[in-house]
Amino acid sequence: MTAYLIAIGIVALIYALLALGLNLQFGLTKLVNFGIVAFFAIGAYTSALLSLKGVPIALGFGAATLLAGCCALPLGLLSLRLREDYLAIVTLGFSEAVRITIQQEEWLTKGVQGLPGIPKLFASYGPATADTLLFFVLIIITALVAWGTVRLTRSPLGRLLRAIGDDEPALMALGKNPTRFKVQIFMVGAGLSGLAGAFYAHFITFISPEQFIPLVTFYVWMGLIMGGSGTVRGALGGAVLLMIFLEGSRFLKDWIPGVSEVQMASVRLAVVGLALILVTLYRPNGMFGRSSST
């Protein structure tokens, strides 16, 4: 039972990193990124491929974060010219392009066969201890990212980013140029997704294109919306809520007779969707977001 809870905690913290990255992009500057899973996959495959070639895992993590951030540069530049809805479509298309590229370039990624044997972090300590150590490392990394995000939002730069999201034309009328700030924050958010992907690859130790479908992106969005966008506690709390709904719904089979394992996957999505609808109706700012009166 302890091993199961630690594994769930690790996945929740990985989603928390993804949500913190999205919170920077959407919560502050209202950049609609529907391609989160693309940067997640880039980070996972970068770190996995490098580690399989003997590169130290720490360097692989750095390369995963850096490459994911650099891949976001073209999309960040597009965000300067596209409205929110068009940017959403472009980023969604980008995520599918990345997945198909991973699937087709078998010489590098082994395609649909996937990459097995990815080195596990702290493997020398044994499986149980390795997961426990990874859990605590993720807690530290997530706490540092959350602390940095809070410091950023309270800084003059953070207020400028929030002004970009609230009313960009008014900000430009005051003589401020938001161009480079939007690109930078998009790259930072993507870099966090790449870092989360690296942790995921070295936790699962096997990755394939089927693990990086658009559903991952929408899970992150669900978590952020349920928790409350624009706040760190909303991103963190939303990731925890998402895991509670996803994992708790696994046990619905014990309460709903006559439902097969395949049908239960649809039931789980329905439960998460219903929770999202209820939160949107009764807590439009999220469970942990700002109250409506402020």
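Structure report, in brief. (Residues numbered from 1 in each chain as written. Predicted model: local features only at pLDDT ≥ 70, side-chain atom pairs only at ≥ 80, totals over all residues. Heavy atoms only, no water.)

## Let's talk about the overall build of the protein chain
So, point 1. Scanning the protein chain from N- to C-terminus turns up 11 helices and 0 strands.
So, point 2. At 19 Å, the protein chain has a C-alpha radius of gyration in line with the 19 Å of a compact globule built from 294 residues.
So, point 3. Dimensions of the protein chain along its principal axes, counting C-alpha atoms only, are 55 × 50 × 35 Å.
So, point 4. Looking at the protein chain residue by residue over its 294 residues, the buried ones come to 47%.
So, point 5. For the protein chain, the proportion of contacts with a sequence separation of at least 24, taken over those separated by at least 6, is 77%. (Helix = DSSP H or I, 4+ residues; strand = E, 2+ residues; numbered from the N terminus. Rg over C-alpha atoms; globule rule 2.2 N^0.38 Å. Buried < 20%, exposed > 50% of the residue type's maximum accessible area, 1.4 Å probe, protein only. Contact = heavy atoms within 4.5 Å.)

## Notes on the packing of aromatic side chains
The description of an aromatic ring pair uses the distance of the two centres, along with the angle that the planes make with each other.
So, point 1. Applying the stated criterion across every chain yields a total of 11 aromatic pairs.
So, point 2. Taken together, a centroid distance of 5.3 Å and an interplanar angle of 90° make the contact between F34 and W221 edge-to-face. One end of the pair, F34, is in the loop between α1 (2-28) and α2 (36-52); the other, W221, is in helix α9 (residues 214-227), with 187 residues separating them in the sequence.
So, point 3. An aromatic cluster of at least three residues, connected via ring pairs, comprises F26, F34, F218 and W221. (Phe/Tyr/Trp six-rings, centres within 6.5 Å; stacked < 30°, edge-to-face > 60°.)

## Some points on α1
So, point 1. In this model α1 runs 37 Å from its N-terminal to its C-terminal C-alpha over 27 residues, within 8% of the 39 Å that 1.5 Å per residue would give.
So, point 2. Taken across its 27 residues, α1 has 21 buried, putting it largely inside the fold. (Expected span 1.5 Å × (residues − 1).)

## With respect to the environment of I185
So, point 1. With respect to the helices and strands, I185 occurs in helix α8 (residues 179-204).
So, point 2. For I185 and R99, which are 86 residues apart along the polypeptide, the C-alpha to C-alpha distance reads 24 Å.

## So, helix α10 (residues 232-248)
So, point 1. With 17 residues, α10 extends 24 Å between its outermost C-alpha atoms, agreeing within 8% with the 24 Å of an ideal straight helix rising 1.5 Å per residue.
So, point 2. Along α10, the residues classified as buried are V232, G234, A235, G237, G238, A239, L241, L242, M243, L246 and E247.
So, point 3. Sitting at the amino-terminal end of α10 is T231, which places a side-chain oxygen 3.0 Å from the backbone nitrogen of G234. (Polar contact = N/O pair within 3.5 Å; in protein donor to acceptor, adjacent residues only side chain to side chain.)

## Structural notes on unusual backbone geometry
So, point 1. Even without glycine at this site, K30 takes up a positive phi of about 60°.
So, point 2. Locating K30 in the fold gives a position in the loop between α1 and α2.
So, point 3. Classification of K30 as partly exposed rests on a relative accessible area of 28%.
So, point 4. Not every positive phi belongs to a glycine, and T205 is a case in point at roughly 70°.
So, point 5. Its location among the elements puts T205 in the loop between α8 and α9.
So, point 6. You can call T205 partly exposed: its relative accessible area is 23%.

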